[in-house]
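# Survey of secondary and tertiary structure
Okay, here's what each chain looks like letter by letter:
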Amino acid sequence: MSSFRLIPSIDQVLRRAALQDLIARHGQAPVAAAARRAADELRAQMAAGRDGPASESEALTSLEEAIAARLHASLAPSLTRVINATGVILHTNLGRAPLARAALEQAARVGSGYSNLEYDLAAGTRGHRHTHAEGLLCDLSGGDAALVANNNAGATLLVLAALAEGREVIVSRGELVEIGGGFRIPDVMRQSGARLREVGTTNRTRLQDYAAAIGDRTALLLRVHPSNFRVEGFTERPPLADLAELGRRSGVPLFEDLGSGWLGLDDVETPPPLRDEPSVRGSLRAGADLVAFSGDKLLGGPQAGIVAGRGDLIDRVRRHPLMRALRADKITYAALEATLALWAQAPLRHRIPVYRMLALPLDDIDRRARAIVAHLSGAGGLRGEVRDGLSTTGGGSAPASTLPTRLVSLVMDGLSTAALEQRLRRADPPIVARIEDDRVVLDLRTVQEDEDEQIVAALVSLTVI
Ligand SMILES: *Cc1c(COP(=O)(O)O)cnc(C)c1O
């Protein structure tokens with residue numbers, strides 16, 4: 001028979017050798033707090049009529065284990081790796097671009113020691129962090145200069161504040177978009193201190209609309225890539241080159257917020273879903289004075305906002321006080337430089353996960369999907385089949401653009417689709433799948449190849465529970 005009297009006092013528990021070890025590691029107060037909560041829990045469990053300890057020593061052991069488990073759980077990171085089986089390459093909720101190994105290694109090398117972040121090693125004097133990555137960014141973008149900010153929302157805010165504060169920025173009504181996560185062009189404009197001058201209509205804006213709005217107060221022409229939606233039908237907007245030409249004639253710079261940042265390198269075949277995407281090189285070549293794009297979208301690098309283009313404008317942006325508030329840290333620079341170096345070397349580009357996923361041949365996906373299905377014998381009621389499907393680029397690039405893929409479609413006897421999807425999400429590592437036609441499907445395009453066996457292990461373990 002168990003009784004509340006078997007539960008030892010907190011002092012008694014804390015004197016135990018195992019608890020002394022925990023106190024040395026975690027400190028007295030957190031261990032005492034964990035002990036009180038564990039004792040409360042045990043008492044509640046016994047009060048609810050469930051089996052309690054049969055002896056005082058059993059009570060002590062069970063409390064010790066509960067306290068250790070609590071303290072362990074309190075230190076476990078909440079940010080953890082997951083397997084993205086959704087087929088959405090730039091999945092904003094799942095951290096957008098996975099980083100290349102070279103980028104992570106460089107971040108670890110730089111971050112684990114001191115670095116020349118703001119130190120000129122040749123001169124032995126203070127240097128500037130903006131010198132890092134700039135050379136490669138210029139080579140790859142075709143711009144004269146480039147800067148790196150914390151993210152693209154920050155980069156856009158920075159450009160508007162530095163070049164247009166207190167003055168007007170002309171933008172088409174069709175481009176006053178909300179990108180997601182609360183990035184709304186009119187709000188960013190307000191925050192920057194620039195005044196929005198809307199022209200045209202939601203579906204049609206002509207060059208003449210921009211021309212008519214240009215005046216003494218005009219600081220910038222702004223073009224925004226409406227990355228997450230598409231207006232179909234009776235639509236029109238002037239080609240970027242025409243807008244750039246208008247800007248040049250009027251002495252007003254043209255700034256384009258590209259968002260997704262597909263570089264558009266001449267020797268990289270553009271994947272079909274991106275054929276209609278504006279590119280960094282394409283926009284600068286067409287005459288944009290500045291472009292801004294994300295580091296962790298199609299560039300496949302760390303979170304960053306990159307501005308590239310005319311040197312005199314970049315200089316002005318760099319001198320704005322917000323640059324200090326929005327600057328990137330050394331880990332970002334390190335990972336970004338390594339990612340850019342991979343882009344710069346044709347044979348190494350497939351080491352950038354986002355690029356590899358975009359270019360992944362259907363046959364490879366099919367082969368891997370079949371291998372996973374072959375592991376599911378139907379034992380435990382779990383069956384899989386391979387079928388056709390579509391992956392998407394996601395993350396504010398190429399709206400509605402898809403890539404053909406092959407899906408592993410799963411059913412499990414006695415388990416609803418929602419319950420099966422939830423089981424996968426609770427696996428270790430968690431597997432995030434998608435539901436299509438009331439089936440749980442796995443799209444291996446966004447699963448890294450070394451994760452296939454983890455998926456198999458998780459699926460097999462579902463059948464033995
Ligand atoms: C994604 C996106 C942004 C925001 O970029 P972050 O790097 O997430 O800050 C801004 N503008 C456009 C057009 C985008 O697609």
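Being a predicted model, the structure only gives us computed values, none of them experimental.

### A look at the packing of helix 7 (residues 152-164) against helix 12 (residues 311-319)
At a minimum axis distance of 9 Å, the contact between helix 7 and helix 12 shows a crossing angle of 100°. It follows that helix 7 is roughly perpendicular to helix 12 by the angle criterion. When helix 7 is examined against helix 12, the residues Leu 158, Val 159, Ala 162 and Leu 163 are found in contact with a partner set consisting of Leu 313, Arg 316 and Val 317. Class assignment for the residues of the contact of helix 7 with helix 12 results in six nonpolar, no polar and one charged.

### A closer look at the sheet that holds strand 14 (residues 434-436)
Pairing in this open sheet of four strands is antiparallel, and the strands run 11-12-15-14 from one edge to the other. In this open sheet, the two edge strands, each paired with only one partner strand, are strand 11 (382-392) and strand 14. Taken pair by pair, the neighbouring strands of this sheet meet at an average axis angle of 40°, ignoring direction. With four bridges connecting them, strand 12 (residues 402-412) and strand 15 (residues 439-443) associate as antiparallel partners. Bridging across to strand 15, Ser 409 finds its partner in Val 441. Sitting on the sheet, helix 16 (residues 362-374) touches strand 11 and strand 12, and the angle it makes with strand 12 is about 5°.

### Some thoughts on the pairing of strand 9 (residues 290-294)
Most of strand 9 sits out of view: five of its five residues are buried. The alternating pattern of strand 9 places Leu 290, Ala 292 and Ser 294 on one face and Val 291 and Phe 293 on the opposite face, and all of these are buried. Strand direction decides the pairing type here: strand 8 (residues 254-259) and strand 9, joined by four bridges, are parallel. Residue pairing across strands places Asp 257 opposite Ala 292, the latter belonging to strand 9. One crossover worth recording links strand 8 to the parallel strand 9 by way of helix 11 (residues 280-285), and it is right-handed. Alignment of strand 9 against strand 10 (residues 305-309), held across five bridges, turns out to be antiparallel. Directly across from Ala 292, in strand 10, lies its bridge partner Val 307.

### Section: the domain arrangement of the protein
What the domain assignment reports for the protein is domain 1 (4-75), domain 2 (83-90 + 359-462) and domain 3 (101-347). Relative to domain 3, the C-alpha centre of domain 2 lies at a distance of 35 Å.

### Thoughts on the packing of aromatic side chains
Scanning the entire structure with this criterion turns up two aromatic pairs. Ring centres 5.9 Å apart and planes at 85° place the aromatic pair Trp 262 and Trp 343 in the edge-to-face group. Taken together, the residues Trp 262 in the loop between strand 8 and helix 11 and Trp 343 in helix 14 (residues 330-343) connect sequence positions 81 residues apart. The two residues Trp 262 and Trp 343 agree in class, both being buried. One aromatic cluster in this structure is built from Trp 262, Trp 343 and Tyr 355.

Rules of the game
Residues numbered from 1 in each chain as written. Predicted model: local features only at pLDDT ≥ 70, side-chain atom pairs only at ≥ 80, totals over all residues. Heavy atoms only, no water. Axes fitted to C-alpha atoms, helices over the stretch in contact; angles between N-to-C directions. Helix = DSSP H or I, 4+ residues; strand = E, 2+ residues; numbered from the N terminus. Parallel < 35°, antiparallel > 145°, perpendicular 65-115°, else oblique. Contact = heavy atoms within 4.5 Å. Nonpolar A, V, L, I, M, F, W, Y, C, P; charged D, E, K, R; others polar. Pairing = 2+ DSSP bridges. Buried < 20%, exposed > 50% of the residue type's maximum accessible area, 1.4 Å probe, protein only. Right-handed = clockwise from strand over helix to strand, strands pointing away. Domains from an automatic or database assignment. Phe/Tyr/Trp six-rings, centres within 6.5 Å; stacked < 30°, edge-to-face > 60°.

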